[in-house]
Amino acid sequence: MTREPLLGVPGLRPELLLDGAWRAAAATFAVGNPATGERIADVADAGLAEVDLAVAAAAAALPGWAATPGWQRYRVLADGARLLAERVEAIARVMSLETGKPIAESVGEMRNTVRFLEWYSHEAARLPGEYWPGVAPGRDAYVVKEPVGVVAAITPWNFPGFMVACKVGAALAAGCAVVLKPAEQTPLTALAIAAALHDAGLPAGVLGVLTTSDPATVGTALVTHPDVACVTFTGSTAVGERLLALAAPAIKRVLLELGGNAPVVVLDDAVLDDAVAQVVRARYLNAGQACVAANRVYVQRGIAEAFTERFVAAVRALRPGDPFEAGTDLGPLIELAAVERLERQVATATEQGARLATGGARLGENAVSAWLEPAVLVAEGRAQPAVLAEEFFGPVASVVVFDTEDEGVALANDTRYGLAAYVFAGTADRGLAVARRIRSGSVGVNGALVSEPALPFGGMGESGLGRERGRAGIEEFLETKTIQVAARG
Ligand code: ADP
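Reading guide: rules and limits
Residues numbered from 1 in each chain as written. Predicted model: local features only at pLDDT ≥ 70, side-chain atom pairs only at ≥ 80, totals over all residues. Heavy atoms only, no water. Domains from an automatic or database assignment. Contact = heavy atoms within 4.5 Å. Buried area = accessible area lost by both parts, 1.4 Å probe. Salt bridge = Lys/Arg side-chain N within 4 Å of Asp/Glu carboxyl O. Helix = DSSP H or I, 4+ residues; strand = E, 2+ residues; numbered from the N terminus. Core = buried A, V, L, I, M, F, W, Y, C linked by side-chain atoms within 4.5 Å. Buried < 20%, exposed > 50% of the residue type's maximum accessible area, 1.4 Å probe, protein only. Right-handed = clockwise from strand over helix to strand, strands pointing away. Pairing = 2+ DSSP bridges. Axes fitted to C-alpha atoms, helices over the stretch in contact; angles between N-to-C directions. Phe/Tyr/Trp six-rings, centres within 6.5 Å; stacked < 30°, edge-to-face > 60°. Patch = residues over 30% accessible without salt bridge, like charges linked within 9 Å, V, L, I, M, F, W, Y side chains within 5 Å. Areas by Shrake-Rupley, 256 points an atom, 1.4 Å probe, with all protein chains shown as cover. pLDDT = per-residue confidence, 0-100. Near = heavy atom within 4 Å. Polar contact = N/O pair within 3.5 Å; in protein donor to acceptor, adjacent residues only side chain to side chain. Arc of directions from axis to C-beta.

Visitor: Summarise the domain arrangement of the chain; cite the residues concerned and give the values.
Guide: You can read the domains of the chain as domain 1 (6–258 + 462–482) and domain 2 (262–453). Distance between the C-alpha centres of domain 1 and domain 2: 31 Å. On the side of domain 2, 29 residues touch domain 1, which itself brings 34 residues to the contact. Summing the contributions of domain 1 and of domain 2, the shared interface buries around 2,600 Å²; its carbon and sulfur component is 59%. Three residues stand out in domain 1 for area buried against domain 2, namely P34, W157 and E462, and they jointly supply 21% of the buried area on that side. Across the contact surface, domain 1 and domain 2 share two salt bridges. Of the charged contacts in the structure, one is a salt bridge between R416 and E462, with a shortest N-O distance of 2.9 Å.

What follows is the structure, given as structure tokens:
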């Protein structure tokens, strides 16, 4: 019997992917639409029993997948990417339903998801080792790369497709088996991507998906499971810290992409209109719910007034609205708790001396979420309110004035985070010189950051451990083994 595809996405089932088959669980949980408050679907609610099943299936599948020649892994992953490409529009629609993201952004994210999966598929065929003949008298050596083992991948709701491609694509290319636990707000996009890989012929158990309404219980069991060798996580610094501690006793490999609180340094010779347009993009894309989003904007005094005036005007022109309507710039936030958290942060900032230059009102509230009118806080003078040391995970920017370049750099670096930063300067040389002084995993000079498969991405300090994407992103899922061979007598 063929069933109607869920929400029009081929292969999508509201079930767990366990040992190569779609299986129901004892319970389900509802996925809500932040733009309407309506229920989109009920999906399987995994518990501890399903963690054991998924990890056992992954552990059983691992040796076969690890031993599969890279070019054959390439073929399966490339077929998966091709199927996914055919489903981009349908999955993007589901992504907008469960995140509230404008549909054009969802389509863009799904295209990137395909592009990264394609890139990783090629990397699967390019994992050579080294041979050192005569490395010492009478001795040859091999340096070989081996998959690290079963990987637990825990992904967030803000980029529910792209994050799956970055983690699952890289780990599968490296020859690892993966158990994926997507965020409870956005299980459907992850299931749809897994369905494409499953439909492309990925062997049973190589990829399992556990959707759950109880991330703490399921996540803890997954991370501490003795057969899980590696944890890759993107999410909040608080949960990342917890997972690092849980993985510590068994010395597991842990990759963490955590909070950002990205600074922007706008120097006095920056091209004003470019800087304004790019900072608006870097702050308000995805309604500001991105770890690389520009949080704290530091502007040199010479252009501070003109920049602030144009920036506030540009933010006022942004259109919050229906994610499915063309021309909508911002959808709702993911959930009401996120709206409330931002409102509290804005209130604290104004209590601490910042001026709310525009926005901040709650719009279109429903049972799941609401829009937050895009906001700008302006800190007059050089003392920045203490609350600006926190990440604002939504459409709120702060603008603070500085005098000297040294002061701008010091303000940018006055954080325990270090994921992304931006510099705007009149010349690339000046921008580059300042970029070199900022402690951050990625820096955009005279532009917002773009995601390219070849470019490593990750954080310094409390923004994380390890790197995703690029060659570095594959290496994270590989062990290096050195074998020495002594010549006989
Ligand atoms: P955010 O604040 O962006 O929602 P979280 O860190 O809470 O970030 O969520 C990111 C991912 O971590 C999601 O998949 C979520 O389900 C998962 N998660 C949340 N709490 C825990 C936990 N205690 N243990 C393991 N995973 C968790």
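Visitor: Requested: an account of the side chain of E123, with residues and values cited.
Guide: Summarising the element assignment, E123 is placed in helix α4 (residues 103–124). Those residues in contact with E123 that lie beyond four places of it in its chain are R471 and I474.

Visitor: Please provide a residue-by-residue account of the nonpolar core, values included.
Guide: Within the largest apolar cluster, 66 residues are counted, with the highest numbers of intra-cluster contacts made by V266, F307 and F311. At seven residues, helix α9 (residues 272–284) tops the list of elements feeding residues into this core. Setting aside chain neighbours within four positions, we find V266 in contact with A275, V297, Y298, V299, Q300, I303, F307, F402 and F424. If you look at the next biggest cluster of nonpolar residues, it comprises 65 residues, including A41, I91, A173 and L202.

Visitor: Any chance you could break down the pairing of strand β8 (residues 177–181) for me, citing the residues and the numbers?
Guide: In terms of burial, β8 is largely enclosed, as five of its five residues are buried. Neither face of β8 is open: one carries A177, V179 and K181, the other V178 and L180, and all of them are buried. Assessed by its sense of winding, the connection that carries the chain from strand β7 (residues 150–154) through helix α5 (residues 162–173) to β8 is right-handed. One ladder, built from three bridges, connects β8 with strand β9 (residues 207–209); its direction is parallel. Bridging across to β9, V178 finds its partner in L207. In this region the chain leaves β8, passes through helix α6 (residues 187–199) and returns to the parallel neighbour β9; the handedness of that crossover is right-handed.

Visitor: Tell me about the sheet that holds strand β12 (residues 262–266), and name the residues and values.
Guide: An order of β14-β17-β18-β13-β12-β19-β20 is seen for the seven strands of this open sheet, with the pairing classed as mixed. The open sheet is flanked by β14 (354–358) and β20 (442–445), the only strands paired with a single partner. When strand polarity is set aside, the average angle formed by the axes of neighbouring strands in this sheet is 20 degrees. Relative to strand β18 (residues 396–402), strand β13 (residues 294–300) is paired through five bridges, and the arrangement is parallel. Bridge pairing links R296 to S398 in β18. The strands touched by helix α12 (residues 405–413) within the sheet are β12, β13 and β18, with β13 carrying the most contacts at an inclination of about 170 degrees.

Visitor: Can you break down the sheet that holds strand β5 (residues 130–136) residue by residue, with the values?
Guide: Within a sheet, adjacent strands bond to each other through the backbone by hydrogen bonds, running parallel or antiparallel. With respect to topology, three strands assemble into an open sheet ordered β5-β6-β22, the strand pairing being antiparallel. Only two strands of the sheet have a single neighbouring strand rather than two, namely β5 and β22 (478–486). With direction set aside, neighbouring strand axes in the sheet form an average angle of 25 degrees.

Visitor: Run through the packing of aromatic side chains, naming residues and quoting values.
Guide: Under the defined criterion, the tally for this structure stands at six aromatic pairs. On the numbers, 4.7 Å between centres and 85 degrees between planes, the contact of F116 with F162 is edge-to-face. Here F116 is found in helix α4, whereas its partner F162 is found in helix α5, with 46 residues between them in sequence. Here the two residues F116 and F162 agree in accessibility, since each one is buried.

Visitor: Help me get a handle on a nonpolar patch on the surface, residues and values and all.
Guide: Side chains of Y131, Y142, I483 and V485 sit close together on the surface and give an oily, nonpolar patch of about 350 Å² of accessible area. Secondary-structure assignment places I483 in strand β22.

Visitor: Give me the confidence of the model for the chain: which residues, what numbers.
Guide: In low-pLDDT segments, the atomic positions of the prediction should not be examined closely. Mean pLDDT for the chain: 96, with 99% of residues reaching 70 or above. Of all the helices and strands in the chain, helix α14 (residues 470–475) carries the lowest mean pLDDT, 94, while β8 carries the highest, 99.

Visitor: Report on the site of the ligand, specifying residues and quantitative values.
Guide: Near the ligand lie 17 residues; those nearest to it are T155, W157, K181, E184 and S236. At 2.7 Å from an oxygen atom of the ligand is found a main-chain nitrogen or oxygen belonging to T155. Within the side chain of E184, a nitrogen or oxygen atom sits 2.5 Å from an oxygen atom of the ligand. Calculation on the ligand without its partners gives an accessible area of 550 Å², and the protein chains cover 84% of this total. Put simply, the parts of the chain that give the shell around the ligand at least two residues each are α7 (215–224), β10 (230–234) and α8 (237–247).

Visitor: Outline the pattern of salt bridges, listing residues and values.
Guide: Throughout the structure, instances matching the rule amount to 23 salt bridges. The salt bridge partner of R126 is E123, with a shortest N-O separation of 3.5 Å. Across the pair K167 and E468 runs a salt bridge, and its minimum N-O distance is 2.6 Å. With K167 in helix α5 and E468 in the loop between β21 (464–465) and α14, the pair connects residues that are 301 residues apart, well separated along the chain. E468 gets classed as buried once you look at its relative accessible area, which sits at 6%. Through salt bridges that share partners, E123, R126, K145, R471 and E475 make up one connected network.

Visitor: Could you give me a rundown of helix α13 (residues 428–437), with the residues and numbers involved?
Guide: Taken residue by residue, α13 has G431, V434 and A435 as its buried positions. Taken end-on, α13 shows its buried residues confined to a sector of 105 degrees, consistent with a single buried face. Facing away from the buried side of α13 by more than 90 degrees, the exposed set consists of D429 and R436. In this structure, the buried residues of α13 make contact with α12, β19 (420–424) and β20.

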